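Understanding the architecture of this molecule
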Amino acid sequence: MFYLAQTDLTELAEEWFVLKTAHEVLKKTITHLQEEKFPKALQIAATYFSKLTNQRYKRIYFDGGRIRVENMDQVIFTPEELSQATKEQLYLALRFALIEMIAGEYPFPILIDDGFVNFDKKRLDLMMELLRYQKTNNQVIFFTCHEETSKYFSPDDRLMLY
């Protein structure tokens, strides 16, 4: 009976050690990402967001566990306070920043399926400019049913499916 209990205790101790080690590695990884990678991603995202909004917004940051954006008049907004198209610009800026952060280690194509339906002409022009930049680092696959977007691509860059 004693040896059985000792074996059980040893197995539990080994399991605890594995879980504790995994927890510590995960905690260090999260801290590393939050302190080093995420601030850089937010800086890149802020640059993209500024370009996509024609310089109307200048900063993206975290406050109280929430994303906040600051416009040129130093007024701070949460994403819920932005228009639908501006929220989408923010989402895309964050997404492209994260892609840029990991593209060196994990190059993969960017897939977009009619992602700009709420954009007016000016927003679409700015977005396509960003896509042209992104295609220098990643393959961009853009699906759309809007024929007018074809003007943003050369005939060699387009493939029409019917």
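Residues numbered from 1 in each chain as written. Predicted model: local features only at pLDDT ≥ 70, side-chain atom pairs only at ≥ 80, totals over all residues. Heavy atoms only, no water.

**Considerations on the pattern of salt bridges**
How we decide: Salt bridges are defined by distance alone: a side-chain nitrogen of Lys or Arg within 4 Å of a carboxyl oxygen of Asp or Glu. Every helix listed is a DSSP run of H or I at least four residues long, and every strand listed is a run of E at least two residues long, numbered separately from the N terminus. In this scheme, a residue with accessible area under 20% of its type's maximum is buried, one over 50% is exposed, and one in between is partly exposed, where area comes from a 1.4 Å probe on protein chains only.
Per the stated rule, a full pass over the model turns up 7 salt bridges. A salt bridge links Glu 24 to Lys 20, with the nearest nitrogen and oxygen atoms 3.6 Å apart. Placement of both Glu 24 and Lys 20 in helix α1 (residues 2-52) is noted, with a separation of 4 residues, approximately one turn of the helix. Of the residues examined, Glu 24 reaches a relative accessible area of 25% and is grouped as partly exposed. Judged by its relative accessible area of 38%, Lys 20 is partly exposed. Among the ionic contacts, a cluster of salt bridges with common partners joins Lys 58, Arg 59 and Glu 70.

**A few points about the nonpolar core**
For the record, the criterion: Only buried residues count toward a nonpolar core, which is a set of Ala, Val, Leu, Ile, Met, Phe, Trp, Tyr and Cys residues joined through side-chain atoms within 4.5 Å. Every residue pair with non-hydrogen atoms within 4.5 Å of one another is taken to be in contact.
Phe 49, Ile 60, Phe 96, Phe 116 and Met 127 are the most contacted members of the largest nonpolar core, which totals 33 residues. Among the secondary structure elements, those contributing two or more residues to this core are α1, β1 (57-63), α2 (84-102), β4 (110-113) and α3 (121-134). The element contributing the most residues to this core is α2, with 9 residues. Dropping the residues within four chain positions of it, Met 127 is found in contact with Leu 52, Leu 92, Phe 96, Phe 116 and Phe 119.

**Some thoughts on the pairing of strand β5 (residues 140-143)**
Put simply, the rule is: A pair of strands is treated as paired once DSSP finds two or more bridges between them. When the strands point away from the viewer, a crossover counts as right-handed if the path from the first strand over the helix to the second runs clockwise.
Bridge count between β4 and β5: 4 bridges; the pairing is parallel. The residue of β5 that forms the bridge with Asp 113 is Phe 143. Since β4 and β5 lie parallel, the crossover through α3 that links them has a hand, and here it is right-handed.

**Here we look at the environment of Gln 134**
Along the chain, the position of Gln 134 falls in helix α3. Distance in space between the C-alpha atoms of Gln 134 and Ile 99 is 9.4 Å, their sequence separation being 35 residues. Sequence-distant contacts of Gln 134, that is, excluding residues within four places in its chain, are made with Tyr 48, Phe 96, Ile 99, Glu 100, Ile 110 and Val 140.

**Some points on the packing of aromatic side chains**
Put simply, the test is: Within 6.5 Å between ring centres, the rings of Phe, Tyr and Trp (the latter by its six-membered ring) count as paired, and their orientation is classed by plane angle as stacked under 30 degrees, edge-to-face over 60, tilted in between.
The final tally for this structure, using the stated rule, is 8 aromatic pairs. When the centroid spacing of 5.4 Å and the interplanar angle of 75° are considered together, the rings of Phe 2 and Tyr 3 count as edge-to-face. Accessibility expressed as a relative area gives 64% for Tyr 3, which makes it exposed. Summarising the aromatic geometry, the rings of Phe 116 and Phe 119 are spaced 5.5 Å apart at their centres and angled 25° between planes, so their arrangement reads as stacked.

**Here we look at the confidence of the model for the protein**
Where we set the bar: pLDDT gives the predictor's per-residue confidence on a scale running from 0 to 100.
Per-residue pLDDT for the protein averages 86, and the proportion of residues at 70 or more is 98%. Least confident of the elements in the protein is α1, whose mean pLDDT is 84; most confident is strand β3 (residues 76-77), at 96.

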